[in-house]
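Here is what each chain is made of, one letter per residue.
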Amino acid sequence: DQQVKQNSPSLSVQEGRISILNCDYTNSMFDYFLWYKKYPAEGPTFLISISSIKDKNEDGRFTVFLNKSAKHLSLHIVPSQPGDSAVYFCAASPISGGGADGLTFGKGTHLIIQP
Amino acid sequence: DTAVSQTPKYLVTQMGNDKSIKCEQNLGHDTMYWYKQDSKKFLKIMFSYNNKELIINETVPNRFSPKSPDKAHLNLHINSLELGDSAVYFCASSQGLPSSYNEQFFGPGTRLTVL
């Protein structure tokens, strides 16, 4: 029933190494994908997005990869820094739905960067 | 100079009461949203308004009524509060319709506790 799945509730990575967060989706109508970062007691903050016509989008230390055939996307953070410790949400939306849908979120992955 | 603000940040109330949560955005965006994050941490869309008109209304009890007095405000009124309404409610805004490649900006959230 979950259309966006983040199967790892938490992930621990050493500072300086690469963090890889994964997300799977089931709805083939999704064609716009976003990653949000959330600190405790704050709202989600937009990080990076990708549309289905691309397979990669890069912004500084953050890169999102999209494998449309596998309905899978991943967020790579390199190098990981202590300030990256947060909950990361994957979200998806259909673009061609005529405005009838909001974002569908995964359950989040808690990333912990170890010093 | 907060982009999306919500008041109050915390709301504790008794079952059966009626309460409101206010949201304001100063980004000049056309579209505003309400999301609910339940105890399982899923963020789910509740409503979306574009230029003061309702465009998304997910399956939400009619005890919840959004009101948009102008483009910059989307308030959430909840009547006859129930225990299951306890959650964190997030307001968000975006430029343009949900069916566009525009990220949504979130407020800090309102933690509602119904006793």
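Owing to the predicted nature of the structure, the values given are computational and were not obtained by experimental measurement.

(A) Representation of the overall build of chain B in the model. Across its full length, chain B holds zero helices and eleven strands. When the helices and strands of chain B are listed from N to C terminus, the series reads β-β-β-β-β-β-β-β-β-β-β. On C-alpha atoms alone, chain B measures out to a radius of gyration of 13 Å, which is about the 13 Å that the 2.2 N^0.38 rule sets for 115 residues. Along the first, second and third principal axes, the C-alpha set of chain B runs to 40 × 30 × 30 Å. Buried positions account for 47% of the 115 residues belonging to chain B. Surface accessibility of chain B: about 5,500 Å² in total, with carbon and sulfur atoms responsible for 49%. Charged side chains of chain B number 12 positive and 11 negative; the gap between the two group centres comes to 7 Å.

(B) Up close: the interface of chain A and chain B. Every contact between the two is made by 25 residues of chain A and, on the other side, 21 residues of chain B. Summed over both sides, the interface of chain A with chain B buries roughly 1,900 Å², with 63% coming from carbon and sulfur. Summed over the shared surface of chain A and chain B, the number is zero salt bridges. Put simply, the parts of the chain that give the side of chain A that touches chain B at least two residues each are β4 (32-38), β5 (45-51) and β9 (86-93) of chain A. In terms of residue count, the dominant contributor to the side of chain A that touches chain B is β4(A) (four residues).

(C) The nonpolar core, seen in detail. Judged by nonpolar contacts, the single largest core of 23 residues is most densely connected at A:Phe33, A:Trp35, A:Leu73, A:Leu75 and A:Tyr88. Ranked by residues supplied to this core, first place goes to β9(A) with four residues. With residues near it in sequence (within four places) discarded, A:Leu75 still touches A:Ser19, A:Ile20, A:Leu21, A:Trp35, A:Leu47, A:Ile48, A:Phe62, A:Thr63 and A:Tyr88. One finds B:Leu11, B:Met32, B:Phe64 and B:Ala87 within the second-largest nonpolar core, a separate group that totals 19 residues.

(D) Region of interest: the sheet that holds strand β8 (residues 72-77) of chain A. All names here are of chain A. Taken in spatial order, the five strands line up as β1-β3-β8-β7-β6 in an open sheet, and their pairing is antiparallel. Each end of this open sheet is capped by a strand with a single partner; those strands are β1 (4-5) and β6 (56-59). Direction of pairing for β6 relative to strand β7 (residues 62-67): antiparallel, over a ladder of four bridges. Counted as the bridge partner of Asn-57 is Val-64 from β7.

(E) Region of the structure containing the state of the cysteines. Residues and elements named next belong to chain A. Tallied over the full model, the rule gives two disulfides over all chains. Paired through a disulfide, Cys-23 and Cys-90 show a sulfur-sulfur distance of 2.0 Å. Linking Cys-23 and Cys-90, the disulfide has an S-S dihedral of approximately -75° and is accordingly described as left-handed. Placement of the pair is Cys-23 in strand β3 (residues 19-25) and Cys-90 in strand β9, with a sequence separation of 67 residues. Neither residue differs from the other here; Cys-23 and Cys-90 are each classed as buried.

(F) Just the environment of A:Val4, in detail. All names here are of chain A. Relative to the assigned elements, Val-4 resides in strand β1. Sequence separation between Val-4 and Phe-89 is 85 residues, and the spatial gap between their C-alpha atoms is 9.8 Å. The residues touching Val-4, leaving out its near neighbours within four places in the chain, are Cys-23, Asp-24, Tyr-25, Phe-30, Cys-90, Ala-92, Thr-104, Phe-105 and Gly-106.

(G) Looking closely at the sheet that holds strand β8 (residues 73-78) of chain B. Residue and element names in this part refer to chain B. With antiparallel pairing, four strands are arranged side by side in an open sheet as β1-β3-β8-β7. The open sheet is flanked by β1 (4-7) and β7 (64-70), the only strands paired with a single partner. Here the strands of the sheet are splayed against their neighbours by 20° on average, with no regard to which way each runs. Pairing of β1 with strand β3 (residues 19-25), which is carried by four bridges, proceeds in the antiparallel orientation. Within β3, the position partnered with Ser-5 by the bridge is Glu-24.

So, how was this worked out
- Residues numbered from 1 in each chain as written.
- Chains lettered and ligands numbered in written order.
- Predicted model: local features only at pLDDT ≥ 70, side-chain atom pairs only at ≥ 80, totals over all residues.
- Heavy atoms only, no water.
- Helix = DSSP H or I, 4+ residues; strand = E, 2+ residues; numbered from the N terminus.
- Rg over C-alpha atoms; globule rule 2.2 N^0.38 Å.
- Buried < 20%, exposed > 50% of the residue type's maximum accessible area, 1.4 Å probe, protein only.
- Areas by Shrake-Rupley, 256 points an atom, 1.4 Å probe, with all protein chains shown as cover.
- Lys, Arg positive; Asp, Glu negative; His and termini not counted.
- Charge placed at Lys NZ, Arg CZ, Asp CG, Glu CD.
- Contact = heavy atoms within 4.5 Å.
- Buried area = accessible area lost by both parts, 1.4 Å probe.
- Salt bridge = Lys/Arg side-chain N within 4 Å of Asp/Glu carboxyl O.
- Core = buried A, V, L, I, M, F, W, Y, C linked by side-chain atoms within 4.5 Å.
- Pairing = 2+ DSSP bridges.
- Disulfide = S-S within 2.5 Å.
- Axes fitted to C-alpha atoms, helices over the stretch in contact; angles between N-to-C directions.

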